[in-house]
Amino acid sequence: NLEGEVTHTRELDPFIFGYYPHVSVLNYNSSYWQVRCQNYKKFWDFARSEIWKRAKKPWSNTGTGRYRARDLRSARHSDGGRNQASKPWNMVMPTMLPQHWSSSNRMMLTLKMLQGRLQIVDKLTIDEPSVDAFLRKCGDMQWDCRHLGAGVMFMDGGSRLTPSIEFDRNFFYGSFYNGRTKMVRPTVQSDTPFDWNFTGAKATYLGPRGPKNPIPLNRFNCFDAINHDRLVITEGALMQLEKECFAEKVKSLPPHIRAQMGASGMLDNYLLGDVKPQLDTIEFEGAARTEEKEMGMYEGYYDNPYKPWADEGDASYVVDGVEGMVTREVGGKKASWAMLQ
């Protein structure tokens, strides 16, 4: 706990903390993060269509060195547009494969455990959202968060009884300190790369070309894990990591092993009534209970948001990611969005 006492022991998932590290995979993750976090402003060039300048003479004829009106957006001018404009996301923003990101992060977690630099706490919280309270807690726990210190990385996911996807407010604001500290989300996976203009329907689209999946800055990565000596993880974060990696863990097993999991009870699910439901995060628990309460309140009314259409059970939705449109279909035909009795 946050008093420095050992309250109980906990078994770590070998799929997450038992992946023997390989230097090449860790270097791939670290190199990606350095390229992903560099300042992209210096890689930006304006295209001709992005500059608004008139062809009118900006000053009188004499004594200027430029005696005629000309296109100021031309590439011949130092401040004009470029014919082949370079964009940062097209030049240097890398694309990370989700399976590589997950495996490299699990290797880094295993390396921290093997080095003895992993610490599991029940929760991360302080009395008030101040730097002084944060530094007092770091001093009590012997966390070296000085500017030139060893560094501490915190993975906050709430406690065992109240797991949360949000940081503790007081601890998060208290960590705004000019030291070697970082707070990351309880996740080791990334989104699948997505091409926002795959069909080329948007001719003036200036966004990222090709599939991209820029990973947010508050994510666990090998570069920051190496630069921070101690890794502190809460029990709620461990629960979320195990739940997140369960599908990937089952998928990685051989087919004959997966076939035996059902008979041994390893695939029991609370949706089927086999086992008791696991604790979900307090945000999802609160949303589910609010939805359950509201469904009874709106029952019988015309504008019931939980049953907006009479044919909702037969409807399907097609999402067009390029145009940002959602089409509603019933029986394979386009249907109306109007609410039906």
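Caption draft 1: Molecular detail of the overall build of the protein. For the protein, the count of helices and strands is 10 helices and seven strands. For the protein, the C-alpha radius of gyration of 27 Å lies well beyond 20 Å, the compact-globule estimate for 341 residues. With the principal axes as the frame, the protein shows a C-alpha extent of 85 × 65 × 45 Å. A burial count over the protein gives 32% of its 341 residues as buried. Here the contacts in the protein between residues at least 6 apart in sequence split such that 74% fall between residues at least 24 apart. Surface summary for the protein: the accessible area is close to 21700 Å², and the carbon and sulfur share equals 54%. The averaged location of the 41 negative side-chain charges in the protein is 14 Å from the averaged location of its 44 positive side-chain charges.

Caption draft 2: Inspection of helix α4 (residues 98-114) at higher detail. Between its first and last C-alpha, α4 extends 24 Å over 17 residues, near the 24 Å set by a 1.5 Å rise per residue. Looking at the buried side of α4, the elements it contacts are α1 (14-17), α2 (23-36), β1 (118-121), α7 (222-227), β4 (230-234) and α8 (235-252). Two residues or fewer after α4 comes G116, characterised by a positive phi angle close to 75°.

Caption draft 3: Representation of the packing of aromatic side chains within the structure. One pass over the full model with this rule turns up 11 aromatic pairs. Judged by centre distance (5.7 Å) and plane angle (70°), the rings of Y32 and W101 are edge-to-face. Placement of the pair is Y32 in helix α2 and W101 in helix α4, with a sequence separation of 69 residues. The residues Y32 and W101 share a single accessibility class, namely buried. With 6.0 Å between their ring centres and 25° between their planes, W33 and W101 make a pair best called stacked.

Caption draft 4: How the structure looks around the nonpolar core. If you look at the biggest cluster of nonpolar residues, it comprises 21 residues, and the most contacted ones within it are I16, F17, L109, M155, F220, L231 and I233. Only α1, α4, β2 (152-155), α7, β4 and α8 provide two or more residues apiece to this core. When residues in this core are grouped by element, the largest group, four residues, is from α8. Beyond its immediate chain neighbours, meaning those up to four positions away, F17 contacts L12, L109, T110, M113, L118, I233 and L238. Grouped together as the second largest cluster of nonpolar side chains are 16 residues, A133, C145, F154 and F167 included.

Caption draft 5: Geometry of the packing of α2 against α4. Closest axis-to-axis distance for the α2/α4 pair is 9 Å, and the angle between their directions is 110°. Judged by the angle between their axes, α2 and α4 are roughly perpendicular. For the element pair α2 and α4, the recorded crossing hand is left-handed. Contact residues: α2 offers V25, L26, Y28, N29, Y32 and W33, while α4 offers H100, W101, S103, S104, N105, M107, M108 and L111. Classifying every residue of the contact of α2 with α4 by side-chain character gives nine nonpolar, five polar and no charged.

Caption draft 6: Geometry of the sheet that holds β1. One open sheet accounts for four strands, arranged β1-β4-β2-β3; its pairing is parallel. If you trace the sheet from one side to the other, it starts and ends with β1 and β3 (181-184), each paired once. Pairwise comparison of adjacent strand axes, ignoring direction, gives a mean angle of 20° for this sheet. The pairing of β2 with β4 spans four bridges and is classified as parallel. When the sheet's bridge partners are listed, M155 is paired in β4 with I233. Along the sheet, α8 contacts β1, β2 and β4; its crossing angle with β4, the most-contacted strand, is approximately 80°.

Caption draft 7: Examining the environment of R230 more closely. As for its placement among the helices and strands, R230 is situated in strand β4. Exposure remark for R230: the relative accessible area of 22% places this residue in the partly exposed category. Between the alpha carbons of R230 and I16 there is a distance of 18 Å; along the sequence they are 214 residues apart. Beyond its immediate stretch of four places on either side in the chain, R230 contacts R117, Q119, Q142, W143, G151, V152 and M153. In terms of polar contacts, R230 uses its side chain to reach the side chain of Q119, at 2.7 Å.

Caption draft 8: Focus on the pairing of β2. Side chains of β2 alternate between two faces, with V152 and F154 and M153 and M155 buried alike. In the sheet, β2 pairs with β3 via four bridges, with the strands oriented parallel. Opposite M155, over in β3, you have V184 as the bridge partner. As a crossover connection, the stretch from β2 through helix α6 (residues 169-174) into β3 is right-handed.

Cut-offs used in this document
Residues numbered from 1 in each chain as written. Predicted model: local features only at pLDDT ≥ 70, side-chain atom pairs only at ≥ 80, totals over all residues. Heavy atoms only, no water. Helix = DSSP H or I, 4+ residues; strand = E, 2+ residues; numbered from the N terminus. Rg over C-alpha atoms; globule rule 2.2 N^0.38 Å. Buried < 20%, exposed > 50% of the residue type's maximum accessible area, 1.4 Å probe, protein only. Contact = heavy atoms within 4.5 Å. Areas by Shrake-Rupley, 256 points an atom, 1.4 Å probe, with all protein chains shown as cover. Lys, Arg positive; Asp, Glu negative; His and termini not counted. Charge placed at Lys NZ, Arg CZ, Asp CG, Glu CD. Expected span 1.5 Å × (residues − 1). Phe/Tyr/Trp six-rings, centres within 6.5 Å; stacked < 30°, edge-to-face > 60°. Core = buried A, V, L, I, M, F, W, Y, C linked by side-chain atoms within 4.5 Å. Axes fitted to C-alpha atoms, helices over the stretch in contact; angles between N-to-C directions. Parallel < 35°, antiparallel > 145°, perpendicular 65-115°, else oblique. Left-handed = near helix turned anticlockwise from the far one by under 90°. Nonpolar A, V, L, I, M, F, W, Y, C, P; charged D, E, K, R; others polar. Pairing = 2+ DSSP bridges. Polar contact = N/O pair within 3.5 Å; in protein donor to acceptor, adjacent residues only side chain to side chain. Right-handed = clockwise from strand over helix to strand, strands pointing away.

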